[in-house]
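Structural overview
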Amino acid sequence: MANKLWGIDLGGTKIEGIVLESRDNPKTLVRTRIDTESDKGYEHVLNNIKRLIDMLADEVGEQPEIIGMGTPGTIDPPTGLLKNSNSQAINKKPFKADLEELLGIPVLMANDANCFALAETRMGIVPEVDPNAKVVFGVIMGTGCGGGVVVNNQIIGGKHGIGGEWGHNFLDESGGKCYCGKSGCTEKIISGTGLEDYYEQLTGTRKKLKEIIPDARSGTDENAVKTLDRLVHFFGLAISTIINVLDPDVIVLGGGVGNIPELYDRGVAEATKYIFNPRLETKIVKPKLGDSAGVFGAAYLCE
């Protein structure tokens, strides 16, 4: 039993669980999901997690001795409280301690972006593009901008539990006020929401990014062109800072914005202008596991 890897990915709307055969043979034995139902409160979310684990245990015929979990936000090391979560039901709560008491087993937690980075490093795209990669930076660019750092197959959570949080570094004042209290954050500029906000500022019309980008490519909407150009420029600038600090072997771009092809040619070219090196050799790639990554990464926390 000790060889099995159990993982839970806690999302705002869904909780997903998985049991893998082992680290060396990550065959999926069972995988299922239920609704989070965070509107019903903190205790209800805890009980739903337990219910999901019991469902997994019924399927495999045994209970876990330890379980990994990916969460929105992260545990604050000094206080043990969950912070920086967009799910208010669990924010500022002793989430890890309460869950361990409820389950009666250790729970290993990491931010969902860290779990994404770990999964892509261990069993996703990284082994394919660079089997010897030592440093990997995983990015989730969607409604926000999250990030995770993996060094020698281990998540680097950091002293404050904020390792990889590139979305809340200052990028440009034009981003405006961020919910974190600062202004001009990366997330406010190159997230899907930030880009939609920018287009609305230009036009007075709200459009989804999936509508804006095709119009930019066709050249039929000059404001859409400006929005795509903004993404390319500021992505290159923001990711160059990560490269200058971490010098990763591979950067994996997840999330809806990470699917935009221009990031992989124009964006890389833009980043090359700002790194402290005459050429850019870091591989910047799309993920292999997609939406599955988080739950696999959570399971790998249990190694």
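Higher on the page you've got the structure.
Parameters and conventions
- Residues numbered from 1 in each chain as written.
- Predicted model: local features only at pLDDT ≥ 70, side-chain atom pairs only at ≥ 80, totals over all residues.
- Heavy atoms only, no water.
- Helix = DSSP H or I, 4+ residues; strand = E, 2+ residues; numbered from the N terminus.
- Expected span 1.5 Å × (residues − 1).
- Buried < 20%, exposed > 50% of the residue type's maximum accessible area, 1.4 Å probe, protein only.
- Polar contact = N/O pair within 3.5 Å; in protein donor to acceptor, adjacent residues only side chain to side chain.
- Contact = heavy atoms within 4.5 Å.
- Pairing = 2+ DSSP bridges.
- Axes fitted to C-alpha atoms, helices over the stretch in contact; angles between N-to-C directions.
- Parallel < 35°, antiparallel > 145°, perpendicular 65-115°, else oblique.
- Nonpolar A, V, L, I, M, F, W, Y, C, P; charged D, E, K, R; others polar.
- Core = buried A, V, L, I, M, F, W, Y, C linked by side-chain atoms within 4.5 Å.

1. Focus on helix α3 (residues 112–123)
The end-to-end C-alpha distance of α3, which contains twelve residues, comes to 16 Å, matching closely the 16 Å that a straight helix rising 1.5 Å per residue would cover. Burial runs high along α3: nine of the twelve residues are buried. For α3, the N-terminal capping position is held by asparagine 111, with its side-chain oxygen 2.8 Å away from the main-chain nitrogen of alanine 113.

2. Quick look at the environment of leucine 253
As for its placement among the helices and strands, leucine 253 is situated in strand β11 (residues 250–254). Overall, the relative accessible area of 0% leaves leucine 253 in the buried class. For the pair leucine 253 and leucine 263, spaced ten residues apart in the sequence, the C-alpha separation amounts to 9.2 Å. Once residues within four sequence positions are removed from consideration, leucine 253 is found in contact with Phe116, Val139, Phe235, Gly258, Leu263, Tyr264, Ile284, Val285, Lys286 and Pro287.

3. Topic: the sheet that holds β11
Two strands in a sheet stick together by hydrogen bonds in their backbones, pointing the same way (parallel) or opposite ways (antiparallel). In space, the five strands of this open sheet follow the order β10-β9-β8-β11-β12, with mixed pairing throughout. Looking along the sheet, the strands with just one partner apiece sit at the ends: β10 (154–155) and β12 (283–285). Pairing between strand β9 (residues 145–151) and β10: two bridges, direction antiparallel. Residue pairing in the sheet places valine 150 in a bridge with isoleucine 155 of β10.

4. So, the packing of helix α7 (residues 209–218) against helix α8 (residues 222–246)
Remark: α7 packs on α8, axes separated minimally by 7 Å, with the N-to-C direction vectors making an angle of 105 degrees. On the basis of their axis angle, the class for α7 and α8 is roughly perpendicular. Residues Ile212, Ile213, Asp215 and Ala216 of α7 pack against Ala224, Val225, Thr227 and Leu228 of α8. Here the contact of α7 with α8 is built from residues that sort into six nonpolar, one polar and one charged.

5. A look at the sheet that holds strand β2 (residues 14–20)
If you walk across this open sheet you meet the five strands as β3-β2-β1-β4-β7, and the pairing is mixed. Edge positions in the sheet fall to β3 (28–35) and β7 (107–111), since each of these pairs with one other strand and no more. Taken pair by pair, the neighbouring strands of this sheet meet at an average axis angle of 15 degrees, ignoring direction. Sheet topology note: the strand β4 (residues 67–71)/β7 ladder contains five bridges and is parallel. For glycine 68, the partnering residue across the bridge sits in β7 and is leucine 108. Together, β1 (5–10), β4 and β7 form the strand contacts of α3, whose direction differs from that of β7 by roughly 95 degrees.

6. Comments concerning the nonpolar core
Counting residues in each nonpolar core, the largest one holds 35 residues, and the members touching the most others are Met141, Trp166, Ile190, Leu231, Phe235 and Ile239. If you list the elements that add at least two residues to this core, you get β8 (135–141), β9, α5 (186–190), α6 (192–203), α7, α8, β11 and α9 (262–274). Counting 27 residues, the second-largest nonpolar core is a separate cluster that includes Tyr42, Leu56, Ala57 and Ile67.

7. Comments concerning the environment of proline 26
By secondary structure assignment, the location of proline 26 is in the loop between β2 and β3. Judged by its relative accessible area of 26%, proline 26 falls in the partly exposed class. The spacing of proline 26 and phenylalanine 296 is 270 residues in sequence and 8.8 Å in space, taken between C-alpha atoms. Those residues in contact with proline 26 that sit more than four places away from it in its chain are Leu20, Met123 and Tyr300.

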